[in-house]
Amino acid sequence: ESALLVTDQKSTADKSQTREHIYIPDIELKGNWKVECRHHITHTEFNTEIQDLVDLSEFEELMDFSGWISYTLKFDLDETAYTSFDPGIVYDIAEVSINGTNIGTRWWGKLPLTIPENTLKKDDNTLVIRVYNRLYNYCATLTENPVAKRWIDMNSNKSKLPAGLLGPVRLS
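Values in this document were obtained by computation on a predicted structure and should not be read as measured data.

Parameters and conventions
- Residues numbered from 1 in each chain as written.
- Predicted model: local features only at pLDDT ≥ 70, side-chain atom pairs only at ≥ 80, totals over all residues.
- Heavy atoms only, no water.
- Helix = DSSP H or I, 4+ residues; strand = E, 2+ residues; numbered from the N terminus.
- Buried < 20%, exposed > 50% of the residue type's maximum accessible area, 1.4 Å probe, protein only.
- Contact = heavy atoms within 4.5 Å.
- Pairing = 2+ DSSP bridges.
- Axes fitted to C-alpha atoms, helices over the stretch in contact; angles between N-to-C directions.

Time to look at the overall build of the protein. When helices and strands are counted, the protein shows 2 helices and 12 strands. From first element to last, N terminus to C terminus, the protein shows the α and β order β-β-β-β-β-β-β-β-β-β-α-α-β-β. Within the protein, the proportion of its 172 residues that are buried is 35%. Contacts in the protein between residues far apart in sequence, at least 24 positions, make up 72% of those at least 6 positions apart.

Below, the discussion takes up the sheet that holds strand 3 (residues 45–50). With antiparallel pairing, 6 strands are arranged side by side in an open sheet as 3-2-4-10-7-8. The outermost strands of the open sheet, each flanked by one partner alone, are strand 3 and strand 8 (101–106). Ignoring which end each strand starts from, the neighbouring axes of this sheet average 15° apart. Two strands pair when backbone bridges link them, and strand 7 (residues 93–98) and strand 10 (residues 125–132) are joined in this way by 6 bridges, in the antiparallel orientation. Bridging from a neighbouring strand, Val96 pairs with Ile129 of strand 10.

Written as structure tokens, this is what we have:
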């Protein structure tokens, strides 16, 4: 692996437009998560509150769930200079907003999302992570549907897929 670092001592870049780089330890966001679920097919809704991020396919009400799951967390900070956000393990796609500012969508991988300057505040921050999962667990319940059955049979282990946000959710 290689890295190329280029410096320009004569740079005329406006230093006031760049963030000050200070070390702040990463923090894990924890607390009372408000969880709202909406099924893509049946349009049924399920709401709950959880303390720990878990695989939602383990909930009886959500074993066949396919749709979006919105996680909302209110939190306060001692420091607001965090520049990146990592939702941790997500099944499958996550759209993230902090204080009403969309900071991005994670489709795959583990790359953190960049937090725009002045997005975080010391008190009363609101984080919303909307997770979209696949149709697999729902289709597994359609035993009389030949197309769904053929699609499920292509999966060699035939077990249900995890659903939701498992975290850990971090600011750095």
